[in-house]
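# Results of the structural survey
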Amino acid sequence: MTEGSIEFRKKRDISEIFSDSLRFLRAEIRPLTKLIGIYAFPFIILYGIVQVYVQKIILANIDLTDMENMMSNLGPMYLNIMLFSLFGLFIQALFIAAYYTYIEAYIKKGKGNFELSDITPNLFSNGLLAIGASLAVFVFVIFGIILCIVPGIYFANTLSPAIIILLFERKGIASALTRSAFLVNRQWWTTFLINIVGIIMVSAVNFVFSIPSMLAGFTVSLTQPVSTPLNYPDWYWVLSAISTIVSSVFYIIPYTFIAFQYFNLDEIAKESGPLERLP
């Protein structure tokens, strides 16, 4: 192994997963910044712009002085939110595909033994696979939420490694979902804690970068009459878009956590013998 490189394929406890994930991100910050800037950041910027557009549409339909009209607009509002969620799913799938393609090259070729141009041919196929797996997980999670929230949480956690399983094992989406459930159920609560910590970290970043826009929105709401639909200035929307873009980039942290957890669970399954690894 190259000096200073990090071994992905080994068993780790939860503290090692966190520490090695952050160590990997620190060590690879330059190539990863270039990777994100070239292959993901343009789409993430577009995502921030679309988020502002959707927010403006929703805000335009909120009029507390005309509750009947607002209630009649709930359907289109929910439709816009659903379409925005699907668009965000698409953007994050491309992001995660580029990142996991980088990790795959890192594992196979070793630290510093490849260029970003070496992984470019795999990005399109991996992007399609990631989008397919993301949609499958999304359907399961939404179905679980409709049932009673808790099943949605269960599916979200149980299927969280499905994308990296699909990209690394390449046995199809159905196999990836099945194997994800098989592996995660060995350490369901550990995986849940890993996912929660990742979400909290991203939420904290989002909150910090949202403070200026929240303060601006609060100021605008105080200075305008209650009967007047809120009309935020352009700089408010710029701040809101920046907050969305930054928090989207920081999802690389939970993606790294779940990657290390996948290899940890895979190593545990290997020690259990071939019959235990059947899925």
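Before reading further, recall that the structure is shown in the block above.
Attention in this report is confined to the structure presented alongside it. (Residues numbered from 1 in each chain as written. Predicted model: local features only at pLDDT ≥ 70, side-chain atom pairs only at ≥ 80, totals over all residues. Heavy atoms only, no water.)

### With respect to the packing of helix H7 (residues 162-169) against helix H8 (residues 173-184)
- Orientation of H7 relative to H8, taken along the N-to-C sense of each, is 120 degrees, at an axis distance of 8 Å. By the angle between their directions, the pair H7 and H8 is classed as oblique. Taken as a pair, H7 and H8 cross one another with a handedness that is right-handed. Of the residues in H8, those in contact with Ala162, Ile165, Leu166 and Glu169 of H7 are Ile173, Ala176, Leu177, Arg179, Ser180 and Leu183. (Axes fitted to C-alpha atoms, helices over the stretch in contact; angles between N-to-C directions. Helix = DSSP H or I, 4+ residues; strand = E, 2+ residues; numbered from the N terminus. Parallel < 35°, antiparallel > 145°, perpendicular 65-115°, else oblique. Left-handed = near helix turned anticlockwise from the far one by under 90°. Contact = heavy atoms within 4.5 Å.)

### Describing the packing of aromatic side chains
- The final tally for this structure, using the stated rule, is 21 aromatic pairs.
- Relative to Phe263, the ring of Phe168 lies with its centre 5.3 Å away and its plane at 85 degrees, an arrangement referred to as edge-to-face. With Phe168 in helix H7 and Phe263 in helix H11 (residues 252-271), the pair connects residues that are 95 residues apart, well separated along the chain. Each of the two residues, Phe168 as well as Phe263, counts as buried.
- Aromatic side chains Trp189 and Phe192 sit 5.7 Å apart centroid to centroid with 85 degrees between the ring planes, which places their arrangement in the edge-to-face category. Of the two residues, Trp189 and Phe192 are both situated in helix H9 (residues 188-223); the distance of 3 residues between them amounts to about one turn of the helix.
- Judged by its relative accessible area of 23%, Phe192 is partly exposed.
- Chaining the aromatic ring pairs together yields one cluster made of Phe8, Phe24, Tyr106, Phe168, Phe260, Tyr262 and Phe263. (Phe/Tyr/Trp six-rings, centres within 6.5 Å; stacked < 30°, edge-to-face > 60°. Buried < 20%, exposed > 50% of the residue type's maximum accessible area, 1.4 Å probe, protein only.)

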